[in-house]
Amino acid sequence: MHHVPVLLDEVVKYLKPETGDRFIDGTAGDGGYIKEILRINPSAKILGIDLDQVSLDKLSMQLAQGNLSQRSELVQANFRDIKRIAQEKSFVPAAGVLLDLGFSSSQLDDPGRGLSFQTNGPLDMRFDPHQKLTARVVVNTYHKPDLVRIFKDYGEERLAAKIAEEIIICRKKQEITDTRELLAVIELALPKPVKYKVADYARRIFQAIRIEVNDELNSLKIALPNIFEILEPGGRMVIISFHSLEDRIVKEFFVNMARGCICPPDFPQCVCGKNPQAKILTRKPVTATVGEIENNPRSKPAKLRALKKA
Ligand SMILES: C[S@@+](CC[C@H](N)C(=O)[O-])C[C@H]1O[C@@H](n2cnc3c(N)ncnc32)[C@H](O)[C@@H]1O
């Protein structure tokens with residue numbers, strides 16, 4: 001399935017692509033936002049970054065067909081290196097930077113990537129196939145306490161210990177190599193009354209393993225200050241996240257950048273001299289409308305936050 005970009009109007013509203021000339025999309029994917037930015041602002045240039053070369057190759061062809069290659073540049077990399085890449089490609093300072101986290105529908109639908117338990121595929125889950133760590137390695141070699149931690153921290157899974165235990169038992173008999181096998185192991189671990197909800201458990205466990213494989217939270221933590229640094233004064237950053245762990249990281253970073261004085265409240269006057277470095281444009285995270293969710297169920301968990309550099 002072709003990826004439908006979520007919250008497209010809201011991205012345009014907060015990124016204001018009509019008012020700048022250099023934009024960066026750190027998660028280019030199928031290029032939904034890239035094409036829209038280039039359409040709205042005929043003099044804008046955009047740098048697209050993605051870990052997935054397959055997505056970039058498809059996007060590159062589409063941009064060429066639309067005569068947009070001259071105004072766009074695509075780089076296969078991790079967005080945690082955004083500062084270096086933007087400097088190398090002369091995209092600093094940038095008017096706006098965008099991250100639309102996680103995976104695209106095209107990636108989810110490709111059984112070879114092992115992101116989905118709806119179809120069978122190898123336990124892979126890497127965005128970047130050059131990387132060594134795969135889901136198969138996590139599932140078959142991680143010690144139980146590490147599996148429990150991952151399932152709890154990244155999947156917010158209550159039955160983390162039970163599911164980890166079942167994985168250890170099953171993998172002793174035979175290596176767990178594909179997504180349907182893992183689904184079956186998860187089902188085995190569940191107490192009878194909740195077995196019918198196996199898809200909910202599997203979704204959380206698959207999410208947790210994917211976050212571990214791609215080191216997603218660390219990439220986000222590293223990227224945020226670097227994105228802020230390369231923005232021009234008045235430049236905007238827009239981040240779309242899909243689960244509470246990511247959203248919390250974005251929220252805390254934004255609050256910190258927008259905070260002024262950090263002196264203890266009982267100080268008679270400010271001694272820190274800290275001024276706000278940014279303005280938060282979205283007091284609450286922006287979410288999809290009922291209409292958008294009906295048309296694109298993927299948009300349901302999406303949370304958009306935007307920040308403007310002072
Ligand atoms: C939700 S999709 C983006 C879809 C895109 N906005 C569109 O309209 O088609 C997320 C993309 O980010 C990429 N990605 C995930 N983590 C990344 C990282 N740390 N660095 C670079 N790309 C990453 C994935 O490979 C995927 O293509």
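Our subject is the structure that appears above.
Residues numbered from 1 in each chain as written. Predicted model: local features only at pLDDT ≥ 70, side-chain atom pairs only at ≥ 80, totals over all residues. Heavy atoms only, no water.

Novice: Help me understand the environment of Lys300, please; the structure alone is not making it clear to me.
Specialist: Inspection of the secondary structure puts Lys300 in the loop between α13 (290–295) and β7 (303–309). On the accessibility criterion, Lys300 (60% relative accessible area) is exposed. (Helix = DSSP H or I, 4+ residues; strand = E, 2+ residues; numbered from the N terminus. Buried < 20%, exposed > 50% of the residue type's maximum accessible area, 1.4 Å probe, protein only.)

Novice: Even after reading the chapter, I still don't get the site of the ligand, so can you show me in this structure?
Specialist: Around the ligand lies a shell of 25 residues, among which Asp30, Asp50, Phe79, Asp100 and Gln107 are the nearest. Gly32 is positioned with one of its backbone polar atoms (N or O) 3.0 Å from an oxygen atom of the ligand. Between a nitrogen atom of the ligand and a side-chain N or O atom of Asn78, the distance comes to 2.9 Å. For the ligand, whose accessible area on its own is 600 Å², the fraction buried by protein is 98%. (Near = heavy atom within 4 Å. Polar contact = N/O pair within 3.5 Å; in protein donor to acceptor, adjacent residues only side chain to side chain. Areas by Shrake-Rupley, 256 points an atom, 1.4 Å probe, with all protein chains shown as cover.)

Novice: Mind showing me how you'd approach the sheet that holds strand β1 (residues 22–25) here?
Specialist: Strand pairing within a sheet occurs via backbone hydrogen bonds; the two strands may be parallel or antiparallel. The strand order across the open sheet built from seven strands is β3-β2-β1-β4-β5-β7-β6, with neighbouring strands paired in mixed fashion. Of all the strands in the sheet, just β3 (72–76) and β6 (278–280) have a single pairing partner and so form its edges. Direction aside, the axes of adjacent strands within the sheet are offset by 15° on average. Alignment of β6 against β7, held across three bridges, turns out to be antiparallel. The residue bridging Lys279 from the neighbouring strand is Lys308, located in β7. Where helix α2 (residues 32–40) meets the sheet, it contacts β1, β2 (45–50), β3, β4 (94–100) and β5 (231–241), and its direction lies at approximately 175° from that of β2. (Pairing = 2+ DSSP bridges. Axes fitted to C-alpha atoms, helices over the stretch in contact; angles between N-to-C directions. Contact = heavy atoms within 4.5 Å.)

Novice: What's the story with the packing of aromatic side chains in this structure? I'm lost.
Specialist: Between two aromatic rings, the relevant description is the distance of the centres plus the angle of the planes. As enumerated under the stated definition, the model contains three aromatic pairs in all. Look at Phe228 and Phe253: their rings are 6.3 Å apart centre to centre, the planes differ by 75°, and that puts the pair in the edge-to-face class. Here Phe228 is found in helix α11 (residues 216–230), whereas its partner Phe253 is found in helix α12 (residues 244–258), with 25 residues between them in sequence. When the ring centre of Phe103 is taken as origin, the NZ or CZ atom of Arg298, which lies over that ring, is 5.7 Å away. Cation over ring: Lys309 sits above Phe228, and NZ or CZ is 4.9 Å from the ring centre. (Phe/Tyr/Trp six-rings, centres within 6.5 Å; stacked < 30°, edge-to-face > 60°. Lys NZ or Arg CZ within 6 Å of the ring centre and 35° of its normal.)

Novice: What am I meant to see in the packing of helix α10 (residues 198–214) against α11 here?
Specialist: In a packed pair of helices, the relevant descriptors are the angle between the two axes and the axis-to-axis distance. The interhelical angle for the contact between α10 and α11, taken along N-to-C directions, is 55°, at an axis separation of 6 Å. As summarised for this structure, α10 and α11 are arranged oblique, according to the angle between their axes. Listed contacts from α11 to Arg210, Ile211 and Asn214 of α10 are Glu216, Leu217 and Ser219. Grouping the amino acids of the contact of α10 with α11 by side-chain chemistry returns two nonpolar, two polar and two charged. (Parallel < 35°, antiparallel > 145°, perpendicular 65-115°, else oblique. Nonpolar A, V, L, I, M, F, W, Y, C, P; charged D, E, K, R; others polar.)

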